[in-house]
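Spelled out from the first residue to the last, the chains are:
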Amino acid sequence: MNLDEIVGDNIRGYRKKINLTQEALAGRSSLSSNFVACLERAEDTVSIRRLALIAKALKIDPHLLLIPESYKDEKK
């Protein structure tokens, strides 16, 4: 699994854990829902700034999005 896949998998996992749609996450992070969808499918890469916006919207530390399957270990 490459880094884009890890980030996308974690975004999807954390998002679903708190029952957010892609559109709701996009709104909370000031990004487009299309971009969020592309990230979740590992079709695009994310900058550090956008990664931080997504993490803030998910209410997690940004580094957690870089750890394979970290959403499975978090207790939320």
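Below, the structure is looked at part by part. Treat the numbers as computed from the prediction; the structure is a model and nothing was measured.

**Some details on helix α1 (residues 3-17)**
Side chains of residues three or four places apart in an α-helix project in the same direction, reflecting 3.6 residues per turn.
Here is step 1 of the chain: End to end, α1 covers 21 Å across 15 residues, agreeing with the expected 21 Å (1.5 Å per residue, within 8%).
Here is step 2 of the chain: Taken residue by residue, α1 has Ile-6, Val-7, Gly-8, Asp-9, Asn-10, Ile-11, Gly-13, Tyr-14 and Arg-15 as its buried positions.
Here is step 3 of the chain: Against α2 (22-29), α3 (33-40) and α4 (48-58) lie the buried residues of α1.
Here is step 4 of the chain: Structurally, the start of α1 carries an N-cap: the backbone nitrogen of Asp-4 is 2.9 Å from a side-chain oxygen of Asn-2.
Here is step 5 of the chain: Asn-19 sits one or two residues past α1 and shows a positive phi near 55 degrees.

**Considerations on the environment of Leu-65**
Here is step 1 of the chain: Considering the arrangement of structural elements, one finds Leu-65 in the segment after α4.
Here is step 2 of the chain: In this structure Leu-65 comes out as buried when scored by relative accessible area, which is 0%.
Here is step 3 of the chain: Separated by 44 residues in sequence, Leu-65 and Thr-21 have C-alpha atoms that sit 18 Å apart.
Here is step 4 of the chain: Residues in contact with Leu-65, not counting those within four places in the same chain, are Ile-6, Val-7, Asn-10, Ile-11, Tyr-14, Leu-51, Ile-54, Ala-55, Leu-58 and Ile-60.

**Side note on the packing of α2 against α4**
Here is step 1 of the chain: Contact geometry for α2 and α4: axes closest at 8 Å, N-to-C directions at 115 degrees. The orientation of α2 relative to α4 falls into the category roughly perpendicular. Crossing hand, α2 versus α4: right-handed. Contacts between α2 and α4 involve Leu-25, Arg-28 and Ser-29 on the former and, on the latter, Leu-53, Ile-54, Ala-57 and Leu-58.

**Quick word on the environment of Ile-48**
Here is step 1 of the chain: Relative to the helices and strands, Ile-48 resides in helix α4.
Here is step 2 of the chain: Distance from Ile-48 to Leu-3, taken between C-alpha atoms, is 13 Å for residues 45 residues apart in sequence.

**Considering the pattern of salt bridges**
Two side chains that carry opposite charge are able to pair once their charged atoms sit near each other.
Here is step 1 of the chain: Taken as a whole and judged by the stated rule, the model has 4 salt bridges.
Here is step 2 of the chain: Across the pair Arg-12 and Glu-40 runs a salt bridge, and its minimum N-O distance is 3.7 Å. Linking Arg-12 in helix α1 with Glu-40 in helix α3, this pair joins segments that are 28 residues apart in sequence.
Here is step 3 of the chain: On the accessibility criterion, Glu-40 (5% relative accessible area) is buried.
Here is step 4 of the chain: The salt bridge partner of Glu-69 is Lys-72, with a shortest N-O separation of 3.4 Å.
Here is step 5 of the chain: Connected through salt bridges with shared partners, the residues Arg-12, Arg-15 and Glu-40 form a single ionic network.

Calculation notes
Residues numbered from 1 in each chain as written. Predicted model: local features only at pLDDT ≥ 70, side-chain atom pairs only at ≥ 80, totals over all residues. Heavy atoms only, no water. Helix = DSSP H or I, 4+ residues; strand = E, 2+ residues; numbered from the N terminus. Expected span 1.5 Å × (residues − 1). Buried < 20%, exposed > 50% of the residue type's maximum accessible area, 1.4 Å probe, protein only. Contact = heavy atoms within 4.5 Å. Polar contact = N/O pair within 3.5 Å; in protein donor to acceptor, adjacent residues only side chain to side chain. Axes fitted to C-alpha atoms, helices over the stretch in contact; angles between N-to-C directions. Parallel < 35°, antiparallel > 145°, perpendicular 65-115°, else oblique. Left-handed = near helix turned anticlockwise from the far one by under 90°. Salt bridge = Lys/Arg side-chain N within 4 Å of Asp/Glu carboxyl O.

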